[in-house]
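Survey of secondary and tertiary structure
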Amino acid sequence: MTVKLFDAELRVVSGPINPTPLFQLFDESGYDPGIFAECVRRCLVQTENRPTVIVSQFQGLAVVGTSLVLEGKVVGAAVGGYVFADFSQASEIQRLARQAGIAFERLWEVARQQQPVPQSRLIVNGELLQVLGERCFEKTTGHVKNAESAAIVASSDDAIISKDLNGVISSWNRGAERIFGYTANEAVGQPITMLIPADHADERR
């Protein structure tokens, strides 16, 4: 099952994770059944009760999802798919192939290799998605925030410098290069006291 994590604005924040042959075939063909997005929308409107959400099409094609909660607030959704919730007949795969613009033989070959997943198992998968999805979402969005902060520091015109507990410079942005005249290579690893004029040494703290 392929998993994607979405934020509250329906934007993908991680994934696709573990793309399956069926997901890859749809992706290569530019076909989107719309059930990932529909599942996300249903997950995001959940409040206290957060049952597994299953969205399926008439051909038996289905996805499973769950809302993601951090600090008591629904912040996104984890959705997994595509699976066949029932045994699909050749006529159903033909209709799906026409709808997707995919050659029937290609889709039929992939569909035959993918075992149908009963609803009881989809519910269990949804419960696992909830636990794993919240951990992944927290790490992914935290990483994004850190990357955004790093980009702001790097592009700032102000001198932004960090040092360790021993007073040794550990980071040095372009603003610091412009103001103090040292490159990052010259400054990082040096004591912060290099920036203090000798006659102001008593002002170091």
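Since this is a predicted model, take the numbers as computed values, not measurements. (Residues numbered from 1 in each chain as written. Predicted model: local features only at pLDDT ≥ 70, side-chain atom pairs only at ≥ 80, totals over all residues. Heavy atoms only, no water.)

1. Comments concerning the pattern of salt bridges
Summed over all chains, the structure comprises five salt bridges. Among the salt bridges present, the one from Arg41 reaches Glu38, with a minimum N-O distance of 3.4 Å. Placement of the pair is Arg41 and Glu38 together in helix 2 (residues 35-44), with a separation of three residues, close to one helical turn. The class for Arg41 is partly exposed, based on a relative accessible area of 39%. Notably, a salt bridge pairs Arg112 with Glu109, separated by 3.0 Å at the nearest N-O pair. Taken together, the residues Arg112 and Glu109, both in helix 4 (residues 104-113) and three residues apart, mark about one turn of the helix. Overall, the relative accessible area of 52% leaves Arg112 in the exposed class. Owing to a relative accessible area of 36%, Glu109 belongs among the partly exposed residues under this scheme. A single salt-bridge network, built from bridges that share partners, covers Glu38, Arg41 and Arg42. (Salt bridge = Lys/Arg side-chain N within 4 Å of Asp/Glu carboxyl O. Helix = DSSP H or I, 4+ residues; strand = E, 2+ residues; numbered from the N terminus. Buried < 20%, exposed > 50% of the residue type's maximum accessible area, 1.4 Å probe, protein only.)

2. Some thoughts on a nonpolar patch on the surface
A cluster of nonpolar side chains, contributed by Val124, Leu128, Val131 and Leu132, occupies part of the molecular surface with about 370 Å² of accessible area. For Leu128, the location among the structural elements is in helix 5 (residues 119-155). (Patch = residues over 30% accessible without salt bridge, like charges linked within 9 Å, V, L, I, M, F, W, Y side chains within 5 Å. Areas by Shrake-Rupley, 256 points an atom, 1.4 Å probe, with all protein chains shown as cover.)

3. Topic: the sheet that holds strand 4 (residues 61-70)
On the basis of which strands lie adjacent, the open sheet formed by five strands has the order 2-1-5-4-3 and antiparallel pairing. Only two strands of the sheet have a single partner each, and these edge strands are strand 2 (12-17) and strand 3 (53-56). Along the sheet, successive strands turn relative to each other by an average axial angle of 20°, direction set aside. Direction of pairing for strand 1 (residues 2-7) relative to strand 5 (residues 73-84): antiparallel, over a ladder of six bridges. Note on strand 5: the bridge partner recorded for Phe6 is Ala77. Here helix 1 (residues 21-29) sits on the sheet in contact with strand 1, strand 2, strand 4 and strand 5, set at roughly 100° to strand 5. (Pairing = 2+ DSSP bridges. Axes fitted to C-alpha atoms, helices over the stretch in contact; angles between N-to-C directions. Contact = heavy atoms within 4.5 Å.)

4. Regarding the state of the cysteines
Overall, the coordinates contain zero disulfides when judged by the stated rule. In this structure Cys39 is not part of a disulfide, and its nearest cysteine sulfur, from Cys43, lies 4.2 Å away. According to the relative accessible area criterion, Cys43 is buried, its value standing at 0%. (Disulfide = S-S within 2.5 Å.)

5. Describing helix 1
Helical geometry note: an α-helix holds 3.6 residues per turn, so side chains three or four residues apart project in the same direction. Buried residues of helix 1: Leu22, Phe23, Leu25 and Phe26, and no others. Each buried residue of helix 1 lies within a common arc of 160° when the element is viewed along its axis, so the set occupies one face. Turned more than 90 degrees away from the buried face of helix 1, the exposed residues are Pro21, Asp27 and Glu28. A positive backbone phi angle near 70° is found at Gly30, which sits one or two residues after helix 1. (Arc of directions from axis to C-beta.)

6. Points about unusual backbone geometry
Across residues other than glycine, the phi torsion is negative in most instances, and most of the peptide bonds are trans. Cis geometry is found at the peptide bond from Gly81 to Tyr82, where omega equals -15°. Here Tyr82 lies in strand 5. You will see that Leu10, though not glycine, has its phi angle at about 70°, which is positive. Using a relative accessible area of 36% as the deciding quantity, one classes Leu10 as partly exposed. Even without being a glycine, Asn18 presents a positive backbone phi close to 60°. Within the element layout of this structure, Asn18 appears in the loop between strand 2 and helix 1.

7. What to know about the packing of helix 3 (residues 90-100) against helix 4
For the pair helix 3 and helix 4, the least separation of the axes is 9 Å and the interaxial angle reads 125°. As judged from the angle between their axes, helix 3 and helix 4 are oblique. For the pair helix 3 and helix 4, the crossing hand works out as right-handed. Contacts from Ala90, Ile93, Gln94, Leu96 and Ala97 in helix 3 reach Phe104, Leu107, Trp108 and Ala111 in helix 4. Of the residues in the contact of helix 3 with helix 4, the class split is eight nonpolar, one polar and no charged. (Parallel < 35°, antiparallel > 145°, perpendicular 65-115°, else oblique. Left-handed = near helix turned anticlockwise from the far one by under 90°. Nonpolar A, V, L, I, M, F, W, Y, C, P; charged D, E, K, R; others polar.)

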